Amino acid sequence: MPRIPRIRSRWARAAAGLSVLASALTGCGGGGHGRAVTLDWYNFPDDSGALQQAADRCGQQSGGRYTIRYDKLPRGADGQRQQLVRRMAAHDSGVDILGLDVTWPAEFAEAGWIREWTGTMRDQGTADTLDAAVRTATWRGRLYAVPYNSNTQLLWYRDDLVSSPPSTWAGMLAEAERLAGEGKPHRVEIQGAQYEGLTVWFNTLVTSAGGTVLTPDALAPSLGAPAVTAASVMRDLAVSSAADPSLPNQMEDQNRLAMESGTAAFELNYPFVYPSMKANRPDLFPHFRWAPYPAVTPGRPASVTIGGIDLAVGAYSRYPDLAFEAALCLRDRENQLTNALKGGLPPSLRGLYGAAELTESYPFAAEVLAALDTASIRPQTPAYQNVSIAVSHTLSPPAGIRPEQDVADLGGQIRDALGSKGLIP
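Below: a short report on this structure.

What counts, and at which threshold
Residues numbered from 1 in each chain as written. Predicted model: local features only at pLDDT ≥ 70, side-chain atom pairs only at ≥ 80, totals over all residues. Heavy atoms only, no water. Helix = DSSP H or I, 4+ residues; strand = E, 2+ residues; numbered from the N terminus. Buried < 20%, exposed > 50% of the residue type's maximum accessible area, 1.4 Å probe, protein only. Contact = heavy atoms within 4.5 Å. Areas by Shrake-Rupley, 256 points an atom, 1.4 Å probe, with all protein chains shown as cover. Lys, Arg positive; Asp, Glu negative; His and termini not counted. Charge placed at Lys NZ, Arg CZ, Asp CG, Glu CD. Arc of directions from axis to C-beta. Pairing = 2+ DSSP bridges. Axes fitted to C-alpha atoms, helices over the stretch in contact; angles between N-to-C directions. Polar contact = N/O pair within 3.5 Å; in protein donor to acceptor, adjacent residues only side chain to side chain. Disulfide = S-S within 2.5 Å. Parallel < 35°, antiparallel > 145°, perpendicular 65-115°, else oblique. Left-handed = near helix turned anticlockwise from the far one by under 90°. Nonpolar A, V, L, I, M, F, W, Y, C, P; charged D, E, K, R; others polar. Salt bridge = Lys/Arg side-chain N within 4 Å of Asp/Glu carboxyl O. Core = buried A, V, L, I, M, F, W, Y, C linked by side-chain atoms within 4.5 Å.

## Quick notes on the overall build of the protein chain
Alright, step 1. The number of helices and strands found in the protein chain is 17 helices and 11 strands.
Alright, step 2. If you line up the protein chain on its principal axes, its C-alpha atoms span 110 × 50 × 35 Å.
Alright, step 3. Here the protein chain holds 425 residues, and the buried ones make up 53% of them.
Alright, step 4. Residue pairs in contact within the protein chain that sit at least 24 positions apart in sequence constitute 75% of those at least 6 positions apart.
Alright, step 5. For the protein chain, the exposed surface amounts to about 18200 Å²; the carbon and sulfur share of it is 52%.
Alright, step 6. Looking at charge distribution, the protein chain has the averaged site of its 38 positive side-chain charges lying 12 Å from that of its 43 negative ones.

So this is what it looks like as structure tokens:
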């Protein structure tokens, strides 16, 4: 019997020791979580290493409070959205930060899948940020994401074929016809496949003609005469000698390759084509130039559809405070600059467009900024995917467009899409 107290005493001392050890480990973990929290960031796949570098850097700067695991989504935008929708519909608590295409925040916010940015976090997430980029992340007057990067299209052309860039679509087609008559490279490369790129083309032309696809409240189609004008421009290119025979199947990368092959004089595309031309066709690169996107109407500058990625915090994240903090770090000045230089994606921070590091690699930075300052955004609605499908289905292939009839048909399809009626093609 006298031995029992001594045994209990040893267990008590051992328990006390474990308690002290646990307290020490908790103190090392930071954030009160017991150890460094792993935040999962789902974003598009990046081959440049810029996104992984940003994740690593932010984890290191957190002082051991968190690390960021960069989870790569599928390459295609449709696959990316599908995976995120499935995870959020399942209330996945392992999705902390979401990289959303600029067309998705309205849908995800309306579904309650992402958290609102408020107070100082909102202020930090919008400081020095391009207005159009902030608008893509805003739904019903509330901020639901912060712009990670931006994007816009320019007119790329060969100055050994064209002495000065055309300022309008009509002028560009006239130049293409002239070059064709002289037996020279003359094609105009643009996205004509039945996918999101075709919707972007149409939206840019509609807004450049002074219209919109949806009404300001996003409850009905707007379209009208500007949409008929836009559809006519698309049809006119498709039936001209300027059209690439592969136009109905072409996306951005096919446009890049066609321009690099030497058969084209013009290309409407994103800035990633510049470093690609430099690397792949050093002989053509000295003649590869850029200019503002051509206007639809003389005297009215084009309003090019903005692209990019917005960062949102998942509604079911177990660590929302850390996720907000990490998202701000991921899109800070240094990481956006790295993303621009290594990944070829224009920043969403205005101040970077005057940085010497950027202008050295982006000699067209001023043109990109000017385009972003006058940019249009795609229709903001939770039903955007259905609206986009209706547009790309109706206007494909571009050579078969009947401007007035197709715009009238499109109006009915958009009404059905907004009301979740009928079968979406």
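Don't stop here, the text continues.
## Concerning helix α15 (residues 365–373)
Because each turn of an α-helix spans 3.6 residues, side chains separated by three or four positions end up pointing in the same direction.
Alright, step 1. Taken residue by residue, α15 has Ala365, Val368, Leu369, Ala371 and Leu372 as its buried positions. Projected down its long axis, α15 shows its buried positions confined to an angular sector of 160°, all on one face.
Alright, step 2. Elements in contact with the buried residues of α15: α6 (131–136), β6 (146–151), β7 (154–158) and α14 (356–361).

## So, the sheet that holds strand β11 (residues 307–313)
Alright, step 1. With mixed pairing, the five strands of this open sheet are ordered in space as β2-β1-β3-β11-β6. Each having just a single partner strand, β2 (66–72) and β6 make up the two edges of the open sheet. For this sheet, the mean angle separating the axes of adjacent strands, direction not counted, is 20°.
Alright, step 2. Here strand β1 (residues 37–43) runs beside β2; their pairing, made up of seven bridges, is parallel. Each bridged residue has a counterpart across the sheet, and for tyrosine 42 the counterpart in β2 is aspartate 71.
Alright, step 3. Along the sheet, helix α3 (residues 77–89) contacts β1 and β3 (97–101); its crossing angle with β3, the most-contacted strand, is approximately 135°.

## Some details on the environment of asparagine 269
Alright, step 1. Here asparagine 269 is to be found in strand β9 (residues 264–269).
Alright, step 2. For asparagine 269, a relative accessible area of 0% puts it in the buried group.
Alright, step 3. Here the alpha-carbon distance between asparagine 269 and leucine 155, two residues 114 residues apart in the chain, equals 6.9 Å.
Alright, step 4. Setting aside its immediate chain neighbours within four residues, asparagine 269 contacts Thr152, Gln153, Leu154, Trp156, Gln191, Glu252, Asn255 and Arg256.
Alright, step 5. Here glutamate 267 takes part through its side chain, which lies 2.9 Å from a polar atom of the side chain of asparagine 269.

## So, the state of the cysteines
Alright, step 1. If you walk through the whole model with that rule in mind, you get one disulfide.
Alright, step 2. With its sulfur 2.1 Å from that of its partner, cysteine 58 forms a disulfide with cysteine 329. One quick way to see it: the torsion about the S-S bond of cysteine 58 and cysteine 329 is about -100°, and its sign makes the bridge left-handed. Residue cysteine 58 is located in helix α2 (residues 50–61), and its partner cysteine 329 is located in helix α12 (residues 320–330); the two are separated by 271 residues in the primary sequence.
Alright, step 3. On the basis of relative accessibility, which here comes to 0%, the residue cysteine 58 falls in the buried class.

## Overview of the packing of helix α9 (residues 225–238) against helix α17 (residues 403–418)
In helix packing, the relevant descriptors are the interaxial angle and the interaxial distance, both defined with respect to the helix axes.
Alright, step 1. One way to put it is that α9 packs onto α17 with a least axis distance of 9 Å and a crossing angle of 125°. As far as their axial angle goes, α17 and α9 are oblique. Seen from above, α9 lies across α17 with right-handed handedness. Between α9 and α17, the contacting residues are Ala227, Val228, Ala231, Ser232 and Arg235 on the first element and Pro403, Glu404 and Val407 on the second.
Alright, step 2. Taken together, the residues of the contact of α9 with α17 break down into five nonpolar, one polar and two charged.

## Quick notes on the pattern of salt bridges
Alright, step 1. In this structure the tally under the stated criterion is 21 salt bridges.
Alright, step 2. When the shortest N-O distance is used, the salt bridge between arginine 57 and glutamate 334 registers 2.9 Å. Taken together, the positions of arginine 57 in helix α2 and glutamate 334 in helix α13 (residues 333–343) put the pair 277 residues apart, joining distant regions of the chain.
Alright, step 3. The residue arginine 87 makes a salt bridge to aspartate 92 at a minimum N-O spacing of 2.8 Å.
Alright, step 4. Here the salt bridges do not stand alone but share partners, grouping Glu175, Arg178, Glu182 and Lys184 into one network.

## Overview of the nonpolar core
Alright, step 1. By size, the foremost hydrophobic cluster in this structure holds 49 residues, and its most contacted members are Trp41, Tyr66, Phe108 and Leu311.
Alright, step 2. Examining the composition of this core, we find that eight residues originate from one element, α12, more than from any other.
Alright, step 3. Within the second largest apolar cluster, 48 residues are counted, among which are Leu155, Leu247, Ala265 and Leu410.

## Thoughts on the side chain of serine 232
Alright, step 1. Counting through the fold element by element, serine 232 comes out in helix α9.
Alright, step 2. On the basis of relative accessibility, which here comes to 19%, the residue serine 232 falls in the buried class.
Alright, step 3. At a separation of 2.8 Å, a polar atom in the side chain of serine 232 contacts the main-chain carbonyl oxygen of valine 228.

These values are about where atoms sit, not about what they do.
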